[in-house]
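# Analysis of the macromolecular model
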Amino acid sequence: MAHSTEHTNIEPIPDGGWRIGVDVGGTFTDVVAVADDGTLTFTKAPSTPEDPSIGVIDAIDRLATELDTTTAALLARTGRIVHGTTVATNALLERTGARVGLLTTAGHRDVLEMREGLKDERYNLRLAAPDPLVPRHLRIGVTERLRPDGTVRTPLDPASLAAALETLKDGGVTSVAVCYLHSYRNAVHEQQTREAIEAAMPDVPVSLSSDVFPEIKEYERVSTTVVNAYVRPIVESYLARLGTRLTRSGYHGPVLVILSHGGVAPIEETIRLAAASVLSGPAGGVAGSRHGAALIGAGNLIPFDMGGTSTDISMIVNGEPALSATRGIAGFRIALQSLDIVSIASGGGSIARVDSGGILSVGPESAGAMPGPACYGQGGTEVTVTDASVVLGFLDPANFLGGRARLDREAAETVLDRLAHRLAVSRAEAAEGVHRVINTQMAEGIRLVSVRRGVDPRRFALLSFGGAAGIHITDIARQIDVPRVVVPRAAAVLSAWGMLATDLRFEISRTHVGDTRMLEADAIRDLYAGMEREGRSRLARVFDGEVAVRRSADMRYGEQIFEIDVPLDGVDFAAAGLIEDITRRFHRRHEDLFTYSLPDQESVLVNARLAAIGRLPMLPQEPEVRDREPAEPRTTRRAYLGGWQDVPVLDLETLCPGQVITGPAIIESATTTVVLRAGDSAVPSGALWLDITIGK
């Protein structure tokens, strides 16, 4: 694919230049610029679902205005743009991806529909089977067969393949997935098939399972490959439009995309592995949280990212986020390594309704960016969480988005009055009820990632970010007895900021099933050495800086049906006791996760993994505020906190580091609002991060 943002190498940021992070959300597009002295400038613009690249340019235009320059001048001094996109996510959720054809080994075309023989709700007898992304008539069996060791049992039959391709052409497919049995051991038949597809259907992109996910487990492999084929044309088309718009606006540097594993990759890699961009946006928030954990010296954090349509929750343990290979979205399995993020359909745009029994519910439906909440004045007629925030006095209608937009308080009151009538309560009580419901749902989301996994959330601090989080976070923390909340100065755009704090990352994996007692150390050394050569080679095409390598393994006990990720950092691969060291680490990791280990049972290494990491320059630390008097409240505002009261309102940007703000109080910035309740106290850091102690 040729467009002007592709470059063969990633150059250093020029002196006096900027790096820009862009995060496209369901309601707003966030953009952050970081100067080489660490100065942060950020803003938001409404997202444009019909073409997200329009919203990206709108946000960059606003950013240039904030910096008192032109868009062309800003982009001319920008050395790098890092982008988080929801294009692949939305294509899956809305079923708007490509028309995919699947070629697979004869007799195996129904694996995609049979899945693993399990239902999401195993006791729900009426649960309908999910519709596969590829209809059965476009899933074609091809005559070929490899043995489990990768040797050829039945050669690829050209006539069978030619007939399959004719069927796909007649079916009007726009993307092809190829997943042959045991191709993770030997890609020869898949590669021959790609050559035939490129000759017969030259304009149709091809996704091979041996490229996308070369690992054992047939359903995971075929599902991941099909998802990749389904979203790839959409991702490629979007990145082409974005590149064209950026070039026209004056940008000629590299564009990097953050992927689901938390690292960034060039556009070419993002297109090849499009399925890895499905959790692109939330990954930026976790990357920012990881960086923030180091800045504030708090290794154990629960990142809490509340946006307009959803809330993403994860965990940082000892400074590192967890990875998972069991993620999926919209019921489709994506077995690529990704950050372990739980998303719940609760956000500022979540719609509140009263059912026939008089029960109030909030979400999962959202008003989105258009028409948005009623208070946006764009024709919305449903009650949303943001409308409730306006009615409760938490948001200043005259100072939304730093004064760029004005909220329609009367419209919010009108829709809340209808809800209040159905509930037979006052308007304020109805709005408070909406907040209680949504806060309870989000508190349950935190329990889902912590308590239900055997982790006590009270040992963690909540890192609150996303445009809507600050209004709700102190009440949520109180519900789950978490004593500390941290709110970054750039809370409303932390995902965009976090994308600038991560590195280039290429993931390599190889299946190597074997009882560790039978493995040969030299074979394991050769396996990892080969993966390292491949990873370094792929990095060298775009990067010539410092390279780091992280090794890990998927391992299990012999009778288990699942594997756990075992980090191998610090293992001496040249040592004589290599296998014994790996085995000990597996037992220790199993005990850390499940409180027990079984050293007498066989330990099985299933997949070897390696991450080749290109170290990008560290994000400069924000300059600290000095020599400032404690700030006084800018004004007071009537807010409903169990009853109406006059609450002091302070401007975040004028606070003095170290001053203590006690609740009830409202702290505002251009893009976020933080509500302190009675008993809470907040202390700003030198970089104006709020460290909040939650009252009982």
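Described in the following lines is the structure provided in the data block. (Residues numbered from 1 in each chain as written. Predicted model: local features only at pLDDT ≥ 70, side-chain atom pairs only at ≥ 80, totals over all residues. Heavy atoms only, no water.)

What follows covers the sheet that holds strand S23 (residues 360–366). Strand order in the open sheet formed by 3 strands is S23-S22-S24, with antiparallel pairing between adjacent strands. The open sheet terminates on both sides in strands that have one partner only, identified here as S23 and strand S24 (383–384). With 4 bridges connecting them, strand S22 (residues 350–354) and S23 associate as antiparallel partners. Considered in S23, the bridge of Arg353 is made with Ser361. Those strands touched by helix H12 (residues 409–423) are S22, S23 and S24, and its axis lies near 35° from that of S22. Sitting on the sheet, helix H13 (residues 427–449) is in contact with S22, S23 and S24, with an inclination near 65° to S23. (Pairing = 2+ DSSP bridges. Helix = DSSP H or I, 4+ residues; strand = E, 2+ residues; numbered from the N terminus. Contact = heavy atoms within 4.5 Å. Axes fitted to C-alpha atoms, helices over the stretch in contact; angles between N-to-C directions.)

Below, the discussion takes up the environment of Arg536. Along the chain, the position of Arg536 falls in helix H16 (residues 521–540). In this structure the C-alpha to C-alpha distance between Arg536 and Arg126, which are 410 residues apart in sequence, comes to 50 Å. For Arg536, the contacting residues outside a window of four places in its chain are Val547, Val549 and Ala612.

This paragraph deals with the packing of H12 against H13. Each packed pair of helices is defined by two parameters, the angle between the axes and the distance between the axes. It is at 8 Å that the axes of H12 and H13 come closest, and there the two elements cross at 90°. Accordingly, the angle class assigned to the pair H12 and H13 is roughly perpendicular. On H13, the residues touching Glu413, Leu416, Asp417, Leu419, Ala420 and Leu423 of H12 are Arg427, Ala430, Ala431 and Val434. Residue composition of the contact of H12 with H13, grouped by class: 7 nonpolar, no polar and 3 charged. (Parallel < 35°, antiparallel > 145°, perpendicular 65-115°, else oblique. Nonpolar A, V, L, I, M, F, W, Y, C, P; charged D, E, K, R; others polar.)

It is worth spelling out the nonpolar core at this point. In this structure, Phe304, Leu419, Val434, Leu655, Ile667 and Ile692 are the most contacted members of the largest nonpolar core, which totals 135 residues. Counting residues per element, this core draws most heavily on H13, which supplies 9 residues. When near neighbours in sequence (up to four residues on either side) are disregarded, Phe304 contacts Thr311, Asp312, Ile313, Met442, Ile446, Leu463, Ser464, Phe465, Ala469, Ile473 and Ile476. Val111, Leu112, Val222 and Leu239 belong to the second largest nonpolar core, which has 79 residues in total. (Core = buried A, V, L, I, M, F, W, Y, C linked by side-chain atoms within 4.5 Å. Buried < 20%, exposed > 50% of the residue type's maximum accessible area, 1.4 Å probe, protein only.)

Of the two faces of strand S11 (residues 255–258), the one lined by Val255 and Val257 and the one lined by Leu256 and Ile258 are each fully buried. Relative to S11, strand S4 (residues 78–84) runs parallel, the two being bridged by 3 bridges. If you follow Val82 over to S11, its bridge partner there is Leu256. Across 3 bridges, the pairing between S11 and strand S12 (residues 264–266) is antiparallel. By the bridge assignment for S12, Leu256 is matched with Pro266. Hairpin geometry of S11 and S12 is characterised by an intervening segment of 5 residues between the two adjacent antiparallel strands and by a positive phi of about 95° at Gly262.

Let's shift gears to the environment of Ser310. Mapping Ser310 onto the fold places it in the loop between strand S13 (301–306) and strand S14 (311–313). Residues Ser310 and Met442 lie 132 residues apart in sequence; the distance between their C-alpha atoms is 10.0 Å. Ignoring anything within four residues of it in the chain, the contact list for Ser310 reads Asp305, Ile344, Ser346 and Gly347.

The next subject is the pattern of salt bridges. According to the stated counting rule, one finds 39 salt bridges in the structure shown. Glu382 is paired through a salt bridge with Arg353; the nearest N and O atoms lie 3.6 Å apart. Separated by 29 residues along the polypeptide, Glu382 in the loop between S23 and S24 and Arg353 in strand S22 bring together distant segments of the chain. Since its relative accessible area comes to 35%, Arg353 is described here as partly exposed. The closest approach of N and O atoms between Asp554 and Arg609, which form a salt bridge, is 2.7 Å. (Salt bridge = Lys/Arg side-chain N within 4 Å of Asp/Glu carboxyl O.)

This paragraph deals with helix H3 (residues 87–94). The set of residues buried in H3 consists of Val87, Ala88, Thr89, Ala91 and Leu92. Among the residues trailing H3, Arg95 stands out with phi positive, at a value near 55°.

An ideal rise of 1.5 Å per residue puts 21 Å on 15 residues; helix H1 (residues 52–66) measures up with 21 Å between its terminal C-alpha atoms. Asp68 occupies a position one or two residues after H1 and carries a positive phi of about 55°. (Expected span 1.5 Å × (residues − 1).)

As a further point, take the packing of H16 against helix H17 (residues 578–594). The N-to-C vectors of H16 and H17 enclose an angle of 75°; their axes lie 9 Å apart at closest approach. It follows from the interaxial angle that H16 and H17 lie roughly perpendicular. Residue-level inspection shows Ala521, Ile524 and Arg525 of H16 in contact with H17, the latter providing Leu578, Ile579 and Ile582. In terms of residue class, the contact of H16 with H17 is built from 5 nonpolar, no polar and 1 charged.

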